[in-house]
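# Descriptive structure summary
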Amino acid sequence: MSQDHIKQYWEAQGQTHGDSHWASWGDNWMIDLEISTIGKYIRDGDAVLDIGCANGFAAFRQAQNHKLASITGVDFASAMIGAAQQAKSKQKLDVKMEFVEGDVRALQFPDATFDVAYTSRVLINLPTWEQQIQGITECIRVVKPGGVVVLSEGFWEPLALLNSLRLLVKLPPLVEHDFNRYLKQSKLTEYLKKESIEFEIEDYSSIYYLGSRFLRELVTDPNAYPGFSNPVNKFFYELEQQFSGGGMGIQQAVVIKKK
Ligand SMILES: C[S@@+](CC[C@H](N)C(=O)[O-])C[C@H]1O[C@@H](n2cnc3c(N)ncnc32)[C@H](O)[C@@H]1O
């Protein structure tokens, strides 16, 4: 899929879903886990950048949960930015907040502008590894020394692990959407080490994925509980908050503390 097609896909999502989380993803439990994981790295008084902000769903939540100096959302889909601006006019948030069009591969902000910059499921939309590296470099560039970059993205290795489990019980493999290209964790960690970039990985969705993308299909009728409404999802979302790790979470967060 070319980048033009990927952009068209997100433009259509922005037009169709307004301020709903469905503009970016239906999985409300995962979105909640993303927001709380990223939120751990945001402090009161921070200037925050949400890169690939879509309709601002996560940015509004971060602004509600913290007393921020400012929060800026940037996205390359104009329909998403339009939806975010409309949603902002309905919110009563006492924070400097702006949504602007822009591309993660060439951000329009000067070096060292923000205390925290984050992505969720954005770098996976870039069609090549080279562009993903370009995006990561840009995210780091716009953060102040001492600031934090959180890249919450989809990874290939946990997908392979989940699919091995699924194969054992003859469930069909999970596949990436054609607008995604999951990051290879091995390649990314090798790159960050080579560049002497200090990082940690938060495996914050493993238990949830085990439940929602494997066990639930063994114990419930998918027709009775379609999509993300399955109560097994909610149960494993709650369990995820007590236990984490195991390497089965497709969504993981790479946390970079900029020197
Ligand atoms: C899966 S959605 C995630 C949205 C949001 N981060 C969230 O957590 O709900 C991906 C978003 O990234 C945006 N995006 C994809 N490629 C981009 C790029 N090159 N530059 C900026 N935004 C991009 C899309 O328009 C879309 O809104």
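Quantities reported herein were computed from a predicted structural model and do not represent experimental measurements.

## Quick notes on the sheet that holds strand β1 (residues 47–51)
Read across the sheet, seven strands follow the order β3-β2-β1-β4-β5-β7-β6 without closing on themselves; strand pairing throughout is mixed. Two strands bound the open sheet, and with one partner strand each, they are β3 (96–101) and β6 (199–202). On average, each strand axis in the sheet is inclined to that of its neighbour by 15°, with strand direction left out of account. Relative to strand β2 (residues 70–75), β1 is paired through five bridges, and the arrangement is parallel. Following the sheet pairing, I51 is matched in β2 by V74. Relative to strand β5 (residues 143–154), helix α2 (residues 28–39) is tilted by about 165°, and along the sheet it contacts β4 (114–120), β5, β6 and β7 (251–257). Sheet contacts for helix α5 (residues 129–141): β1, β4, β5 and β7; angle to β5, the most-contacted strand, approximately 145°.

## Focus: the packing of helix α8 (residues 206–219) against helix α9 (residues 231–240)
Two elements in contact, α8 and α9, have axes whose closest approach is 9 Å; the angle formed by their N-to-C orientations is 150°. As far as their axial angle goes, α9 and α8 are roughly antiparallel. Of the two elements, α8 crosses α9, and the hand of that crossing is right-handed. Between α8, through I207, Y208, L210, G211, S212, L215, R216 and V219, and α9, the contact on the second element is made entirely by V232, N233, F235, F236, Y237, L239 and E240.

## Topic: α2
Its twelve residues give α2 an end-to-end C-alpha distance of 16 Å, which sits within 8% of 16 Å, the value for a rise of 1.5 Å per residue. Within the span of α2, buried status applies to M30, I31, L33, E34, I35, T37 and I38.

## Overview of the site of the ligand
Within the structure, the ligand sits among 20 residues, and W10, S24, G52, A54 and S120 are positioned closest to it. The residue makeup of the shell around the ligand, split by class, is eleven nonpolar, four polar and five charged.

## Concerning the nonpolar core
By size, the foremost hydrophobic cluster in this structure holds 68 residues, and its most contacted members are I51, M80, A117, V149, V150 and L151. Beyond its immediate sequence surroundings of up to four residues, L151 is in contact with T119, L123, I136, C139, A253 and V254.

Rules of the game
Residues numbered from 1 in each chain as written. Predicted model: local features only at pLDDT ≥ 70, side-chain atom pairs only at ≥ 80, totals over all residues. Pairing = 2+ DSSP bridges. Helix = DSSP H or I, 4+ residues; strand = E, 2+ residues; numbered from the N terminus. Axes fitted to C-alpha atoms, helices over the stretch in contact; angles between N-to-C directions. Contact = placed C-beta atoms within 7 Å. Parallel < 35°, antiparallel > 145°, perpendicular 65-115°, else oblique. Left-handed = near helix turned anticlockwise from the far one by under 90°. Expected span 1.5 Å × (residues − 1). Buried ≥ 20, exposed ≤ 12 C-beta atoms within 10 Å, placed from the backbone. Near = placed C-beta within 6 Å. Nonpolar A, V, L, I, M, F, W, Y, C, P; charged D, E, K, R; others polar. Core = buried A, V, L, I, M, F, W, Y, C linked by C-beta atoms within 7 Å.

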